[in-house]
Amino acid sequence: MSTAGKPIRCRAAVGRAPGEPLVMEEIMVAPPMPREVRIRIICTSLCHTDVSIWKLKDPPGMFPRIFGHEAIGVVESVGEDVDEVTEGDTVIPIFVSQCGECEDCRSKKSNLCSKLPFRVSPWMPRYDSSRFTDLKGEVIYHFMNVSSFSEYTVVDVANLAKIDPSVPPNKACLLSCAVGTGVGAAWKTANVKEGSTVAIFGLGSVGLAVAEGARLCGATRIIGVDVNPDKKEIGKKFGVTDFVNPGNCGDKSASQLINEMTGGGADYCFECIGVAALVKEAYACCRNGWGKTVVIGVARPGSELGVNFQDVLDGGGKSVMGSVYGGIKAKFDIPILLKRYLDKELQLDEFVTHEIQFDEINKAFDLLIEGQCLRCVIWMNN
């Protein structure tokens, strides 16, 4: 029996309180409104951003909420005025919108949509309302335009990329945030040039994805910076050629050591953790004249970054820039990246260190918080 146009009752892992284990419960998912799509999630994965907002007692932390924003699914039904996708299409939901109509979406200079700007909102982006309720009829909030910790979710069509269904879903889903962000930051935001030197602060999933992106772009030296010594060997899988542990630099800072190693600084530096002090370190070892420091990490709300005025002036053309979702325009760029994966150029398999069932979702939080995994894929019904 067709479920189109009707509410769907399904399971979801609901965050009921900050920092508390998610609660597996049955919820109702409303039909999609105009320009919206309801999808059945195949699998999803946990990101540090989920964990960071899940811990917050104050906005943007809001409860009850369905977290999750790295996923892949199949279109169950579409709302009015949707012609990009149809029932049965395989899609990747993306937290950054691409309406295709605004000046920013039409430009090659940015991946930030001005019609549906990104915000960590509890609502759908177009209507400021929720499609989730519990069985008591109480509203459950959305997360980052996706909310993939549910068997079914509703996503705006501007936040969907249609993909080749032959790609393994547990690999394709990684491009919806972490790997897409890191590879894109090297490829799109920094535009890493062949033969260049790159320094990466933080070798989690995003940092390793930056290394993978830099490798694909032809960087000849990729320096990884991390306090976890295990990341030295892990990094080699993704092209890291040199490793710096800030705890083993003696009386020197990591930036001083990198300046010495490179004879004046790296061409591109990436901060992948979300710590203001590390942005300053990255900038300090970025080459004067042309170096680019790219900030990817998500800091705590209210964090501020201070840079010495003279350092900026003396840096000449050295720049600092932010990168949201790696500068990727999902509808165009994800198919390109997936083709590179199928052509055995882009590595995705190596990012998946654990796979679990939906009922075990809280185990994914434990693994990520304890630093025991890169990406833990959560299967809805495997």
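It should be emphasised that the depicted structure is a prediction, and the values quoted were computed from it without experimental measurement.

## Let's talk about the overall build of the chain
What the chain contains, in helices and strands, is eleven helices and 17 strands. Relative to the 2.2 N^0.38 estimate, which gives 21 Å for 382 residues, the radius of gyration of the chain is 21 Å and therefore close to what a compact globule would have. Dimensions along the principal axes, computed over C-alpha positions, put the chain at roughly 65 × 40 × 40 Å. Residue burial in the chain is summarised as follows: out of 382 residues, 54% are buried. Of the contacts formed within the chain by residues at least 6 apart in sequence, a portion of 70% connects residues at least 24 apart. Of the accessible surface of the chain, which amounts to about 16,300 Å², a share of 51% is contributed by carbon and sulfur atoms. Charged side chains in the chain number 41 positive and 47 negative. The centres of these two groups are separated by 2 Å.

## Concerning the UniProt feature "domain: Alcohol dehydrogenase-like C-terminal" (unreviewed entry) in the chain
What UniProt calls "domain: Alcohol dehydrogenase-like C-terminal" (unreviewed entry) maps, in this numbering, to residues 206-329. Helix makes up 34% of residues 206-329 and strand 16%, with an end-to-end C-alpha separation of 17 Å.

## Things to note about the sheet that holds strand 11 (residues 221-225)
Backbone-to-backbone hydrogen bonds join strands into a sheet, with any given pair of strands oriented parallel or antiparallel. As summarised here, the arrangement of the six strands in space is 12-11-10-13-14-15, forming an open sheet in which the pairing is parallel. Sheet topology places strand 12 (242-244) and strand 15 (319-322) at the edges, where each strand pairs with a single neighbour. Averaged over all adjacent pairs, the angle separating strand axes in this sheet is 20°, with direction ignored. As paired strands, strand 11 and strand 12 are joined by three bridges and run parallel to one another. The partner of V225 across the bridge, within strand 12, is V244. Most of the contacts of helix 7 (residues 254-262) go to strand 11, to which it runs at about 165°, and overall it touches strand 10 (197-201), strand 11 and strand 12.

## Some words on the packing of aromatic side chains
Per the stated rule, a full pass over the model turns up seven aromatic pairs. When the ring of F95 is compared with that of Y325, the centres are 5.5 Å apart and the planes differ by 65°; the resulting orientation is edge-to-face. Of this pair, F95 sits in the loop between strand 5 (90-93) and helix 2 (103-106) while Y325 sits in the loop between strand 15 and helix 10 (330-342), and the two are 230 residues apart along the sequence. A relative accessible area of 2% places Y325 in the buried class. Residues W123 and Y141 carry aromatic rings whose centres are separated by 5.4 Å and whose planes lie at 80° to one another, so their mutual orientation is edge-to-face. Remark: Y141 occurs in the loop between strand 7 (139-140) and strand 8 (152-156) and W123 occurs in the loop between helix 2 and strand 6 (132-134); sequence separation between them is 18 residues. Through successive ring pairs, a cluster of aromatic residues spans F63, F67 and F143. In this arrangement the basic side chain of K188 is found over the ring face of W187, its NZ or CZ atom lying 4.6 Å from the centre. The ring of Y283 carries K318 above its face, with NZ or CZ at 4.1 Å from the centroid.

## A few points about the UniProt feature "domain: Alcohol dehydrogenase-like N-terminal" (unreviewed entry) in the chain
Sites flagged by UniProt as "domain: Alcohol dehydrogenase-like N-terminal" (unreviewed entry) map to residues 34-163. The span residues 34-163 carries 8% helix and 28% strand; its end-to-end C-alpha distance comes to 22 Å.

## Looking at the packing of helix 4 (residues 178-189) against helix 10
Between helix 4 and helix 10, the shortest axis-to-axis distance is 12 Å and the interhelical angle comes to 110°. Classified by the angle their axes make, helix 4 and helix 10 are roughly perpendicular. The residues of helix 10 that touch helix 4, namely those facing V183, W187 and K188, are D333, I336 and L337. When the residues that make up the contact of helix 4 with helix 10 are grouped by side-chain class, the tally is four nonpolar, no polar and two charged.

## Comments concerning empty space enclosed by the protein
Scanning the model with the defined rule gives one cavity of 30 Å³ or more in all. There is about 50 Å³ of room inside the largest cavity.

## Re helix 11 (residues 361-369)
Within the sequence span of helix 11, burial applies to I361, A364, F365, L367 and L368. Buried residues in helix 11, looked at end-on, bunch into an arc of 165°, giving them a common side. Positioned one or two residues after helix 11, G371 has a phi angle of 70°, which is positive.

Here is what the cut-offs are and how they apply
- Residues numbered from 1 in each chain as written.
- Predicted model: local features only at pLDDT ≥ 70, side-chain atom pairs only at ≥ 80, totals over all residues.
- Heavy atoms only, no water.
- Helix = DSSP H or I, 4+ residues; strand = E, 2+ residues; numbered from the N terminus.
- Rg over C-alpha atoms; globule rule 2.2 N^0.38 Å.
- Buried < 20%, exposed > 50% of the residue type's maximum accessible area, 1.4 Å probe, protein only.
- Contact = heavy atoms within 4.5 Å.
- Areas by Shrake-Rupley, 256 points an atom, 1.4 Å probe, with all protein chains shown as cover.
- Lys, Arg positive; Asp, Glu negative; His and termini not counted.
- Charge placed at Lys NZ, Arg CZ, Asp CG, Glu CD.
- UniProt positions renumbered as here; feature names shortened; annotations may be inferred.
- Pairing = 2+ DSSP bridges.
- Axes fitted to C-alpha atoms, helices over the stretch in contact; angles between N-to-C directions.
- Phe/Tyr/Trp six-rings, centres within 6.5 Å; stacked < 30°, edge-to-face > 60°.
- Lys NZ or Arg CZ within 6 Å of the ring centre and 35° of its normal.
- Parallel < 35°, antiparallel > 145°, perpendicular 65-115°, else oblique.
- Nonpolar A, V, L, I, M, F, W, Y, C, P; charged D, E, K, R; others polar.
- 1 Å grid on protein atoms, 1.4 Å probe; cavity = no way out; pocket = protein on both sides within 12 Å on 5 of 7 lines; lining within 4 Å.
- Points joined across faces, edges and corners; volume = space filled by probe spheres on them.
- Arc of directions from axis to C-beta.

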